[in-house]
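# Breakdown of the fold
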Amino acid sequence: MFALKGHTAIVTGGASGIGLATARMLAALDASVVIADLNEEAGHGAVAELTADGRKAIFVRADVADADDVNALVAATLEKFGSLEILMHFAGIGMEQGALDTTRENWDRITGVNLTGSFLMMQAAGRVMVENGYGRIVAMSSMAGIRGGTGRTAYAASKGGVAAMMRVMSVEWAKSGVTVNALAPGAIETALVKKMHDAETRRAYLAGIPMDRYGTPEEVAAAAVYLALPQSGYITGVTLPVDGGFDASGVIKDG
Ligand SMILES: NC(=O)c1ccc[n+]([C@@H]2O[C@H](COP(=O)([O-])OP(=O)(O)OC[C@H]3O[C@@H](n4cnc5c(N)ncnc54)[C@H](O)[C@@H]3O)[C@@H](O)[C@H]2O)c1
């Protein structure tokens, strides 16, 4: 019942972490997958893995913060597979830096990739989908865009911005068969988190997570794929937490 045969999906950030897990899951449901990433070696490796399994997949090197790259990515997708039904826009970068220490350079870097990149990518995919009268866009927000926390001025602003933009696009495109939603992962064990979370951050985070563990990329991918199904057509404008109960919780006592 849940199949994506005949659907083409762009997965940005698809060479690693949550994006890679999502690309694998989409391919397993028979979607054609375009992995878009800056990391060429890992991107080609992912495509080799998927095609060896008999899946349809290509890699396109693209910087999501570059409008020319984004347009070329969408064009390459249409040329190769002839349609674009799904955008999983997961490319992003993180940084932990206190508000008083955040430099203008770092602010521009983080918001440039996470927020401006999301605008460029979602607009370019949305243009094709609105024209075709069908689409599923899943953007990447974060718990950091919903709740406060130390060291996240630029990152949180970029992710809160993604959620706000997603809501606007979801309303504007609601009558066009295009749904636009976002994921808000909590702490997920990926390369990004290995860089961003030191031992103290890990201890502090775990204390607030009722499940008392970090999530896996596959647990986020499952939520992403759910939002991309044709059957999920009445869900739009939603920011879905995937966070082990972090957002729901307050004081957590043992027992
Ligand atoms: N891991 C978490 O705990 C967590 C929590 C909340 C949100 N997120 C978000 O999920 C997304 C994926 O994160 P992840 O943890 O899988 O990280 P990751 O570092 O494993 O993967 C991110 C991928 O994005 C690519 N990328 C970075 N900048 C790019 C650019 N400008 N253009 C194209 N590709 C680019 C990287 O090369 C990498 O392959 C990010 O947007 C991140 O902010 C992650």
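Above this text sits the structure in question.
Presented here is an overview of the structure given in this document. (Residues numbered from 1 in each chain as written. Predicted model: local features only at pLDDT ≥ 70, side-chain atom pairs only at ≥ 80, totals over all residues. Heavy atoms only, no water.)

### Examining the packing of aromatic side chains
- Evaluated as defined, the whole model comprises two aromatic pairs.
- Taken together, the aromatic side chains of Y205, Y214 and F246 make up a single cluster linked through ring pairs. (Phe/Tyr/Trp six-rings, centres within 6.5 Å; stacked < 30°, edge-to-face > 60°.)

### Considerations on the sheet that holds strand β5 (residues 135–140)
- On the basis of which strands lie adjacent, the open sheet formed by seven strands has the order β3-β2-β1-β4-β5-β6-β7 and parallel pairing. With partners counted over all chains shown, the strands left at the sheet margins are β3 (57–61) and β7 (239–242), one partner each. The mean angle between the axes of side-by-side strands here comes to 20 degrees, regardless of whether they run parallel or antiparallel.
- Taken together, the four bridges between strand β1 (residues 8–12) and strand β4 (residues 86–89) define a ladder with parallel strand orientation. Following the sheet pairing, I10 is matched in β4 by L87.
- The sheet contacts of helix α8 (residues 217–228) involve β4, β5, β6 (178–185) and β7, and relative to β6 the element is tilted by about 165 degrees. (Pairing = 2+ DSSP bridges. Helix = DSSP H or I, 4+ residues; strand = E, 2+ residues; numbered from the N terminus. Axes fitted to C-alpha atoms, helices over the stretch in contact; angles between N-to-C directions. Contact = heavy atoms within 4.5 Å.)

### Topic: the nonpolar core
- L26, V33, I35, M88, F90 and L183 are the most contacted members of the largest nonpolar core, which totals 31 residues.
- Secondary structure elements with two or more residues in this core: β1, α1 (17–28), β2 (32–37), α2 (40–52), β3, β4, β5 and α8.
- By residue number, the principal contributor to this core is α8, which donates six residues.
- When residues no more than four places from it in sequence are discounted, the contact partners of M88 are I10, V11, T12, T22, L26, V138, A224, V225 and A228.
- Grouped together as the second largest cluster of nonpolar side chains are 28 residues, V70, V74, M129 and M169 included. (Core = buried A, V, L, I, M, F, W, Y, C linked by side-chain atoms within 4.5 Å. Buried < 20%, exposed > 50% of the residue type's maximum accessible area, 1.4 Å probe, protein only.)

### A look at the site of the ligand
- The immediate surroundings of the ligand are formed by 27 residues, with S16, D37, Y155, I188 and T190 found nearest.
- Side-chain polar atom of D63 to a nitrogen atom of the ligand: 2.9 Å apart, as the coordinates give it.
- Measuring from an oxygen atom of the ligand, one finds a backbone N or O atom of F90 at 3.0 Å.
- In isolation the ligand exposes 830 Å². Once the protein is present, 93% of that is buried.
- For the shell around the ligand, the secondary-structure elements that each account for two or more residues are α1, α5 (153–172) and α6 (191–196). (Near = heavy atom within 4 Å. Polar contact = N/O pair within 3.5 Å; in protein donor to acceptor, adjacent residues only side chain to side chain. Areas by Shrake-Rupley, 256 points an atom, 1.4 Å probe, with all protein chains shown as cover.)

### Brief notes about the side chain of T201
- Tracing the sequence through the fold places T201 in helix α7 (residues 199–207).
- Beyond its immediate stretch of four places on either side in the chain, T201 contacts E96, R152 and Y214.

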